[in-house]
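# Examining the three-dimensional arrangement
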Amino acid sequence: MAGSEELVEFETDVLAEVMLACAAPGLSDATISSEAVHIEQVLGLARPTRCGR
């Protein structure tokens, strides 16, 4: 199982790659920002929670 630091690095890499993929075809900053928000939400859903702690 990956440690919390490795997970943060993975999330950062995923977000950076999505931003580069969006910027390459010339999408607007607003579109890229919107995509970043959605990716962060999805990554947040994948994080383990500490139920009641």
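Nothing here was measured: the structure is a model prediction, and the numbers come from that model.

With respect to the secondary-structure elements, Glu 11 resides in helix α1 (residues 4-23). Residue classification places Glu 11 among the buried residues on the basis of a relative accessible area of 17%. Contacts of Glu 11, omitting those with residues within four sequence positions, involve Leu 43 and Arg 47.

On the surface, Glu 5, Glu 6, Glu 9, Asp 13 and Glu 17 cluster together to form a negatively charged patch. Relative to the elements of secondary structure, Glu 6 occurs in helix α1.

The rules we used
Residues numbered from 1 in each chain as written. Predicted model: local features only at pLDDT ≥ 70, side-chain atom pairs only at ≥ 80, totals over all residues. Heavy atoms only, no water. Helix = DSSP H or I, 4+ residues; strand = E, 2+ residues; numbered from the N terminus. Buried < 20%, exposed > 50% of the residue type's maximum accessible area, 1.4 Å probe, protein only. Contact = heavy atoms within 4.5 Å. Patch = residues over 30% accessible without salt bridge, like charges linked within 9 Å, V, L, I, M, F, W, Y side chains within 5 Å. Areas by Shrake-Rupley, 256 points an atom, 1.4 Å probe, with all protein chains shown as cover. Salt bridge = Lys/Arg side-chain N within 4 Å of Asp/Glu carboxyl O. Lys, Arg positive; Asp, Glu negative; His and termini not counted. Charge placed at Lys NZ, Arg CZ, Asp CG, Glu CD.

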